Amino acid sequence: TALPAAMIIDVVSMQWSTDGVGALFGDLHSLRKLVLRDIACDPAPPPTFWGSLAAAQCLEELHLGSCRDLPTIDAPIVPPSALRALRDVDVVDCPRMLESESTWRWLWQLPALVALGVTLTTRHAEIAVQTIPRGDDGERVNRLRHLAVAPRAETADYYFGDGDDDRLSPGEQCAALLAACRELRTLRFSDSRCISGACLAAVPRPLMLEALHFEAGVPVAPQVVATHAARFRNLREITFPKDSPANAAA
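Quick caveat: nothing in here was measured; it's all calculated off a predicted structure.

**Quick word on the environment of Val 118**
Then, in step 1: Along the chain, Val 118 turns up in strand β5 (residues 115-120).
Then, in step 2: Beyond its immediate sequence surroundings of up to four residues, Val 118 is in contact with Val 91, Val 92, Leu 98, Trp 104, Ala 148, Val 149 and Ala 150.

Okay, here's the thing in structure tokens:
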């Protein structure tokens, strides 16, 4: 289906028959925003499903959520350099995408990306860190100004003692990701059960952080939160879940 005049496409809660479908819609050169949420595909499509995005040169926002069948986005199919306006991307509860190195490499190569929201299991975080490009100083670095992290059950389970002791904990993996965010202004945790003080300590330029949000489950001791929050001297917003220990301390 060609949609040459469409500026916003928002598809929510549907069963998508992808048998014989070559690509997602077509002729998307006017598209500014694409939202796919709670989509089940039958059968699970191949990476060529995303091929028409290569022509979406005006795309500014891409929001994908609860789409377990969506395939990875590969740079040979959708060159990141073609999407020079794409600045805001969410990929939440899309395991096929986030378990693939190709998707993460594609994300880090987007030239205008400044806002990212992702599900973060231990495996996702490991891949994310390994695929971040290295800067001139040899350190891994990205250009994110806004990061929203949505930990999931397997991450929390690992935090409470399940898993291989030789692997980094979820908090350490998250810290490694944050350490590469040198332009970070906003940091949001939708579920903070796996987050440790090491994550907050890893923010490389604390004076740049302006907003810090904990939306559920803060396991860090209140005094630890207070210590690290004191580093963020230009913080304009800080929120905690209702009835959290940190709120009580505040």
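**Overview of the nonpolar core**
Then, in step 1: Of all hydrophobic cores here, the largest spans 66 residues; its most connected members are Leu 36, Trp 50, Leu 147 and Phe 189.
Then, in step 2: Once residues within four sequence positions are removed from consideration, Phe 189 is found in contact with Val 149, Cys 174, Leu 178, Ile 195, Leu 200, Leu 212, His 213, Phe 214, Glu 215 and Ala 216.

**Considering the confidence of the model for the protein chain**
Then, in step 1: When pLDDT is averaged along the protein chain, the result is 86, and 86% of the positions lie at 70 or above.
Then, in step 2: Across residues 155-168 the pLDDT falls below 50, and counting only partners more than four positions away or on other chains, this stretch makes 24 contacts in the model.

**Brief notes about the packing of helix α2 (residues 101-109) against helix α3 (residues 122-131)**
Then, in step 1: Their axes nearest at 9 Å, the elements α2 and α3 cross at an angle of 50 degrees. Looking at the two axes, α2 sits oblique to α3. Our pair here, α2 against α3, has a crossing hand that is right-handed. Taking contact as the criterion, the partners of Glu 101, Trp 104, Arg 105 and Trp 108 in α2 are, on α3, His 124, Ile 127, Ala 128, Gln 130 and Thr 131.
Then, in step 2: Per-class residue counts for the contact of α2 with α3 are four nonpolar, three polar and two charged.

**A look at the pairing of strand β3 (residues 61-65)**
Then, in step 1: Of all five residues that make up β3, five are buried, and the element is covered over most of its length.
Then, in step 2: Side chains of β3 alternate between two faces, with Glu 61, His 63 and Gly 65 and Leu 62 and Leu 64 buried alike.
Then, in step 3: Two strands pair when backbone bridges link them, and strand β2 (residues 33-42) and β3 are joined in this way by five bridges, in the parallel orientation. The residue of β3 that forms the bridge with Lys 33 is Glu 61.
Then, in step 4: Two strands pair when backbone bridges link them, and β3 and strand β4 (residues 88-92) are joined in this way by five bridges, in the parallel orientation. Bridging across to β4, His 63 finds its partner in Asp 90.

**Side note on the packing of aromatic side chains**
Then, in step 1: Overall, the coordinates contain six aromatic pairs when judged by the stated rule.
Then, in step 2: On the numbers, 5.6 Å between centres and 45 degrees between planes, the contact of Trp 16 with Phe 25 is tilted.
Then, in step 3: On the numbers, 5.4 Å between centres and 5 degrees between planes, the contact of Phe 214 with Phe 240 is stacked. Note that Phe 214 is positioned in strand β8 (residues 211-214) and Phe 240 in the loop between β9 (237-239) and α8 (245-249), a separation of 26 residues in sequence.
Then, in step 4: Classification of Phe 240 by relative accessible area gives buried; the value is 18%.

**Description of the sheet that holds β8**
Then, in step 1: Sheet architecture is open: nine strands sit in the order β1-β2-β3-β4-β5-β6-β7-β8-β9, paired in parallel fashion. Both outer strands of the open sheet, β1 (8-17) and β9, are each paired with one neighbouring strand and no more. Looking at each pair of strands side by side, their axes are set apart by 10 degrees on average, direction ignored.
Then, in step 2: With six bridges connecting them, β5 and strand β6 (residues 146-151) associate as parallel partners. Residue pairing across strands places Leu 116 opposite Leu 147, the latter belonging to β6.
Then, in step 3: Sitting on the sheet, α2 touches β3, β4 and β5, and the angle it makes with β5 is about 160 degrees.

Reading the values: the criteria
Residues numbered from 1 in each chain as written. Predicted model: local features only at pLDDT ≥ 70, side-chain atom pairs only at ≥ 80, totals over all residues. Heavy atoms only, no water. Helix = DSSP H or I, 4+ residues; strand = E, 2+ residues; numbered from the N terminus. Contact = heavy atoms within 4.5 Å. Core = buried A, V, L, I, M, F, W, Y, C linked by side-chain atoms within 4.5 Å. Buried < 20%, exposed > 50% of the residue type's maximum accessible area, 1.4 Å probe, protein only. pLDDT = per-residue confidence, 0-100. Axes fitted to C-alpha atoms, helices over the stretch in contact; angles between N-to-C directions. Parallel < 35°, antiparallel > 145°, perpendicular 65-115°, else oblique. Left-handed = near helix turned anticlockwise from the far one by under 90°. Nonpolar A, V, L, I, M, F, W, Y, C, P; charged D, E, K, R; others polar. Pairing = 2+ DSSP bridges. Phe/Tyr/Trp six-rings, centres within 6.5 Å; stacked < 30°, edge-to-face > 60°.

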